[in-house]
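Summary of structural features
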Amino acid sequence: MTRSQALTTKPKTVLTWIRGALRGHAACLLSCAMACSFAGNASAQLNNAPPKEVENVTVDQRLGEKVPLDLPLVDSMGRQVKSGFFFDKRRPVLVTLNYSNCPVLCNVQLNGLVESLNKVDLALGADFQILTVSIDPKETTERIRETKAKYVSELTNQPGAAQAWHFCTAREASIKRLADSLGFRYTYDKATGEYYHPAMLAFVSPDGVISRYSLDVAFPPDQIKLALLDASKGTIG
């Protein structure tokens, strides 16, 4: 079943739509919580359009533009830092926007990233850094620290991961500024307390210029290496 086909009120059908989105255009990925919200509406009509909750969930690629380097962030150790702290003019930075309580997509995306990083022919720390910022302004330092520990522990072939994969929280204003600079469009569902958001990796040069994007949940190691090398030189992909 494709995304352009009809939605019904059956949970299985909605989940099929979600899985199709996961396999297809990753910028419209959904959380499985959507299945519950649609399943409860027994009178829903057939609809060829994507659900309204994800109409604006996408990535507007901002290649060649700079991310703000003055954003206040809090790292997993509780230290207050500016976003520019992670751009040392020497190593490219792979930027992701996620949140720890995401029911599906963030886990799928970051697990896929970990799998590729264990195979990529570059050293996390020596050759590049990663900055993951939570899009949930209510996320605590303790929670983001747990999330960092989970993924760092799975990077068996990247001994520098603990020092070079930075997990941060921020206030809503800073999150929105960073998201806007990356063209990252997401929405918040008050009923479920969850975020509908795309899957995105942004490859950013050592001085903060957006070089390339990956909008998928599978990351071939050779493509990650190429994107990081391009970002290190400031090449716009």
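A short tour of the structure in this document, coming up. (Residues numbered from 1 in each chain as written. Predicted model: local features only at pLDDT ≥ 70, side-chain atom pairs only at ≥ 80, totals over all residues. Heavy atoms only, no water.)

1. Some words on the overall build of the chain
Helix and strand content of the chain: seven helices and 11 strands. Residue burial in the chain is summarised as follows: out of 237 residues, 51% are buried. By sequence separation, contacts in the chain at least 24 residues apart represent 73% of the contacts at least 6 residues apart. With the model as given, the accessible surface of the chain reaches about 11,000 Å², and the carbon-plus-sulfur share is 52%. (Helix = DSSP H or I, 4+ residues; strand = E, 2+ residues; numbered from the N terminus. Buried < 20%, exposed > 50% of the residue type's maximum accessible area, 1.4 Å probe, protein only. Contact = heavy atoms within 4.5 Å. Areas by Shrake-Rupley, 256 points an atom, 1.4 Å probe, with all protein chains shown as cover.)

2. Examining the sheet that holds strand S3 (residues 80–82)
The seven strands are arranged S3-S2-S6-S5-S4-S10-S11 in an open sheet whose pairing can be described as mixed. What marks the edges here is a single partner per strand, and that holds for S3 and strand S11 (210–214). The average undirected angle you get between the axes of adjacent strands in this sheet is 35 degrees. Packing of helix H3 (residues 105–117) onto the sheet brings it into contact with strand S4 (93–98), strand S5 (129–134), strand S6 (165–169) and strand S10 (201–204), and relative to S4 it is tilted by some 155 degrees. On top of the sheet, helix H4 (residues 141–153) reaches strand S2 (72–75), S5 and S6; it is set at about 160 degrees to S6, its chief contact. (Pairing = 2+ DSSP bridges. Axes fitted to C-alpha atoms, helices over the stretch in contact; angles between N-to-C directions.)

3. Things to note about helix H7 (residues 221–233)
Counted at 1.5 Å a residue, the expected span for H7 with its 13 residues is 18 Å, and the 19 Å between its end C-alpha atoms agrees. Taken together, the buried positions of H7 are Ile224, Ala227, Leu228, Asp230 and Ala231. Buried residues of H7, seen end-on, are gathered within an arc of 160 degrees and therefore sit on one face of the element. Relative to its buried face, H7 has exposed residues pointing more than 90 degrees away, namely Asp222 and Lys233. Residues of H7 that are buried in the fold lie against H3, S10 and S11. Once H7 finishes, Gly234 follows within two positions and takes phi at roughly 75 degrees, a positive value. (Expected span 1.5 Å × (residues − 1). Arc of directions from axis to C-beta.)

4. Focus: the environment of Tyr195
Summarising the element assignment, Tyr195 is placed in strand S9 (residues 194–196). Assessed through its relative accessible area of 5%, Tyr195 is described here as buried. If sequence neighbours within four positions are ignored, Tyr195 has contacts with Tyr99, Ile135, Asp136, Pro137, Lys138, Tyr186, Thr187 and Tyr188.

5. A short note on the nonpolar core
If you look at the biggest cluster of nonpolar residues, it comprises 34 residues, and the most contacted ones within it are Leu97, Ile135, Leu182, Phe184, Met200 and Tyr213. For this core, the secondary structure elements donating two or more residues are S4, H3, S5, helix H6 (172–182), S10 and S11. A total of four residues in this core trace back to one element, the largest contributor, which is H6. In contact with Met200, not counting residues within four places along its chain, are Val59, Val95, Thr96, Leu97, Gln109, Leu182, Phe184, Tyr213, Ser214 and Leu215. (Core = buried A, V, L, I, M, F, W, Y, C linked by side-chain atoms within 4.5 Å.)

6. Observations concerning H3
With 13 residues, H3 ought to run about 18 Å at 1.5 Å a step, and its terminal C-alpha atoms sit 18 Å apart, in line with that. Among all positions in H3, only Leu105, Cys106, Gln109, Leu110, Gly112, Leu113, Val114, Ser116 and Leu117 are buried.

7. What to know about unusual backbone geometry
Residues other than glycine predominantly adopt negative phi, and peptide bonds predominantly adopt the trans conformation. Of note, Lys89 is a non-glycine position whose phi angle comes to about 65 degrees, a positive value. Among the secondary structure elements, Lys89 is positioned in the loop between S3 and S4. Under the relative-accessibility criterion, Lys89 is labelled exposed at 66%.

8. Focus on the environment of Leu229
By the secondary structure assignment, Leu229 is in helix H7. By relative accessible area, which is 36% here, Leu229 ends up partly exposed.

9. Quick word on the packing of aromatic side chains
For the structure shown, the criterion picks out seven aromatic pairs. Residues Phe85 and Phe86 carry aromatic rings whose centres are separated by 5.3 Å and whose planes lie at 80 degrees to one another, so their mutual orientation is edge-to-face. Judged by its relative accessible area of 59%, Phe85 is exposed. Here the aromatic rings of Tyr99 and Tyr195 are separated by 5.1 Å at their centres, their planes lie at 70 degrees, and the arrangement is edge-to-face. One end of the pair, Tyr99, is in the loop between S4 and H3; the other, Tyr195, is in strand S9, and 96 residues separate them in sequence. Put simply, the rings of Tyr99, Phe184, Tyr186, Tyr188 and Tyr195 touch in pairs and so form one group of aromatic residues. (Phe/Tyr/Trp six-rings, centres within 6.5 Å; stacked < 30°, edge-to-face > 60°.)

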